[in-house]
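The primary structure of each chain is shown beneath.
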Amino acid sequence: MSRSRRFGKSMVANMLAGERVQINTGTFSNDMTNFQGKDDVVTLLIHLGYLSYHWPDKTVTIPNKEVSQE
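Residues numbered from 1 in each chain as written. Predicted model: local features only at pLDDT ≥ 70, side-chain atom pairs only at ≥ 80, totals over all residues. Heavy atoms only, no water.

**Comments concerning the packing of aromatic side chains**
Tallied over the entire structure, the rule returns one aromatic pair. Here tyrosine 53 and tryptophan 55 contribute two aromatic rings whose centre-to-centre distance is 6.1 Å and whose plane-to-plane angle is 65°, an arrangement assigned as edge-to-face. Taking the relative accessible area as the measure of exposure, tyrosine 53 reaches 24% and is therefore partly exposed. What makes tryptophan 55 exposed here is its relative accessible area of 58%. (Phe/Tyr/Trp six-rings, centres within 6.5 Å; stacked < 30°, edge-to-face > 60°. Buried < 20%, exposed > 50% of the residue type's maximum accessible area, 1.4 Å probe, protein only.)

See the structure below:
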């Protein structure tokens, strides 16, 4: 499991490889126009259903192959 906090190619590549990436969902303000950082963007993708959130370890993954192929 990846604990990388970097956003960009490495974070996306890790998720595409099936790894979990740790994020902080506490900063998200439920606003689709103002983002304070990468965790807000990833949290929005969770809300939209593109990513899955795993509460026990606060990580995110791509839930299925169809999403990773788009």
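**Quick look at the nonpolar core**
Within the largest apolar cluster, eight residues are counted, these being Met11, Met15, Val21, Ile23, Val42, Ile46, Leu51 and Val60. Of all the secondary structure elements, the ones that give two or more residues to this core are helix H1 (9–16) and helix H2 (38–47). Once you skip the residues sitting within four places of it in the chain, leucine 51 turns out to touch Met15, Val42, Leu45, Ile46, Val60, Thr61, Ile62 and Pro63. (Core = buried A, V, L, I, M, F, W, Y, C linked by side-chain atoms within 4.5 Å. Helix = DSSP H or I, 4+ residues; strand = E, 2+ residues; numbered from the N terminus. Contact = heavy atoms within 4.5 Å.)

**Concerning the confidence of the model for the protein chain**
Within the protein chain, residue pLDDT values average 82, and 81% of them lie at 70 or more. Considering only residues more than four positions removed or in separate chains, one finds that residues 1–6, a stretch of pLDDT under 50, has 22 contacts. (pLDDT = per-residue confidence, 0-100.)

**Points about unusual backbone geometry**
Here the phi dihedral of lysine 58 falls at roughly 55°; this positive angle occurs in a residue that is not glycine. As for its placement among the helices and strands, lysine 58 is situated in the loop between strand S2 (52–54) and strand S3 (59–61).

**So, the sheet that holds strand S1 (residues 21–22)**
The three strands lie next to each other as S1-S3-S2, forming an open sheet whose pairing is antiparallel. The open sheet is flanked by S1 and S2, the only strands paired with a single partner. Note that S1 and S3 share two bridges and pair antiparallel. Counted as the bridge partner of glutamine 22 is threonine 59 from S3. (Pairing = 2+ DSSP bridges.)

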